[in-house]
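Chain by chain, the residues:
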Amino acid sequence: MGLWKTCVIQEEVGRQCKDFDSFLALPAELRISRILMFLSNGLGFLGLLVSGFGLDCLRIGDRQQDLKKRLLILGGVLLWTSGVTALVPVSWVAYLTVEEFWDETIPEIVPRWEFGEALFIGWSAGFSLLLGGCLLHCAVCSTPAPEASGHYAVAEMQDHCQQLEMKNTNPKI
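Keep in mind it's a predicted model, so treat the numbers as computed, not measured.

### A look at the packing of aromatic side chains
- Scanning the model with the defined rule gives one aromatic pair in all.
- Ring plane angle 65° and centroid distance 5.7 Å describe the contact between Phe-120 and Trp-123, whose orientation is recorded as edge-to-face. Of this pair, Phe-120 and Trp-123 both sit in helix 3 (residues 117–142), three residues apart, roughly one helical turn.

Spelled out as structure tokens, the structure:
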């Protein structure tokens with residue numbers, strides 16, 4: 001049983017899958033999980049876009065390094081949040097699956113749900129998003145702010161040269 005359909009594997013027939021009839025007819029955990037997975041996808045996409053605009057290889061906003069750094073931090077936060085919103089429903093559905101599997105009130109004739117490939121893919125995707133957000137934060141916070149580009153750097157260099165010349169012309173005895 002997944003977020004979008006339920007499948008049964010039988011020896012004679014093979015795999016048979018059926019879509020759910022209605023969103024409102026789903027159990028609460030599947031409805032909330034669907035919403036959280038949509039939110040996770042949206043936040044992850046937005047995080048990639050925002051952090052992409054903060055990359056140094058793009059010439060957009062070259063003179064606004066502080067803005068680029070903020071965009072990278074915001075992108076990391078969005079990726080991290082996307083990872084959390086992916087891990088919560090996956091882990092919740094896995095927990096309920098384990099509980100139902102060991103529930104002794106269910107007769108032995110009723111088939112038991114087990115972990116499918118989607119749970120493992122969801123866990124790996126969620127942890128990858130968390131790791132990506134954390135690595136983005138570490139990369140942004142560990143690098144010093146780059147020197148200003150263009151004429152600002154030249155102006156700073158000229159000011160520094162003038163200060164050195166003034167020190168050399170007025171030596172202290």
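### A closer look at the pairing of strand 2 (residues 14–19)
- Note that strand 1 (residues 5–10) and strand 2 share six bridges and pair antiparallel. Bridge assignment links Cys-7 to a residue of strand 2, and that residue is Cys-17.
- Hairpin geometry of strand 1 and strand 2 is characterised by an intervening segment of three residues between the two adjacent antiparallel strands.

### A few points about helix 1 (residues 28–53)
- Its 26 residues place the ends of helix 1 38 Å apart at the C-alpha level, agreeing with the 38 Å of an ideal helix rising 1.5 Å per residue.
- Residues Leu-30, Ser-33, Arg-34, Leu-36, Met-37, Ser-40, Leu-43, Gly-44, Gly-47, Val-50, Ser-51 and Gly-52 constitute the buried set of helix 1.
- Where the residues of helix 1 are buried, they touch helix 2 (65–101) and helix 3.

### Examining the nonpolar core
- In this structure, Leu-26, Leu-30, Val-90, Val-93, Ala-94 and Leu-119 together form the largest nonpolar core, which totals six residues.
- Sort the elements by how many residues they give to this core and helix 2 lands first, with three residues.
- Discounting chain neighbours no more than four positions away, the residues touching Leu-119 are Val-90, Val-93 and Ala-94.

### Description of a nonpolar patch on the surface
- A grouping of Phe-45, Leu-49, Phe-53, Leu-55, Leu-58 and Ile-60 is seen on the molecular surface, where their side chains present a nonpolar patch of about 560 Å² in accessible area.
- Here Phe-53 lies in helix 1.

### A few points about the packing of helix 1 against helix 2
- One way to put it is that helix 1 packs onto helix 2 with a least axis distance of 8 Å and a crossing angle of 160°. Here helix 1 is positioned roughly antiparallel relative to helix 2, judged by the angle of their axes. The handedness of the crossing between helix 1 and helix 2 is left-handed.
- Broken down by class, the residue content of the contact of helix 1 with helix 2 amounts to 21 nonpolar, nine polar and two charged.

The rules behind these values
Along every chain, residues carry numbers that run from 1 in the direction the sequence is written. It should be noted that, the model being predicted, local features are given only for residues of pLDDT at least 70 and side-chain atom pairs only at 80 or more, the latter also being counted only at that level, while totals for whole chains, interfaces and linings use all residues. Side-chain numbers come from the whole structure's heavy atoms, not from hydrogens or water. Paired rings are identified among Phe, Tyr and Trp, the last through its six-membered ring, by centres lying within 6.5 Å, and are further divided according to the angle between planes into stacked (under 30 degrees), edge-to-face (over 60) and tilted (the rest). The secondary structure listing takes helices from DSSP runs of H or I that are at least 4 residues long and strands from runs of E that are at least 2 residues long, numbered from the N terminus. Strands were regarded as paired on the criterion that DSSP finds at least two bridges between them. How far a helix is expected to stretch is found by multiplying one less than its residue total by 1.5 Å. Only protein chains enter the area calculation, which uses a 1.4 Å probe; residues under 20% of their type maximum are buried, those over 50% are exposed, and those in between are partly exposed. Contacts: residue pairs with any heavy atoms within 4.5 Å of one another. Nonpolar core, defined: a set of buried Ala, Val, Leu, Ile, Met, Phe, Trp, Tyr and Cys residues in which side-chain atoms within 4.5 Å join the residues together. Patch construction takes residues with relative accessible area above 30% that form no salt bridge. Like charges are linked within 9 Å, and nonpolar side chains (Val, Leu, Ile, Met, Phe, Trp, Tyr) are linked within 5 Å. Each accessible area is a Shrake-Rupley estimate made with a 1.4 Å probe; only the visible protein chains count as cover when residues are assessed. We define a salt bridge as a contact between a side-chain nitrogen of Lys or Arg and a carboxyl oxygen of Asp or Glu at a distance within 4 Å. Axis lines are fitted through C-alpha atoms, for helices just across the contact stretch, and the angle between N-to-C directions can take any value from 0 to 180 degrees. Our angle categories are set so that under 35 degrees counts as roughly parallel, over 145 as roughly antiparallel, 65 to 115 as roughly perpendicular, and the remainder as oblique. Throughout, a crossing is termed right-handed when the near helix is turned clockwise from the far one, and left-handed when it is turned anticlockwise from it by less than a right angle. Nonpolar residues are Ala, Val, Leu, Ile, Met, Phe, Trp, Tyr, Cys and Pro. Charged residues are Asp, Glu, Lys and Arg, and all others, Gly as well, are polar.

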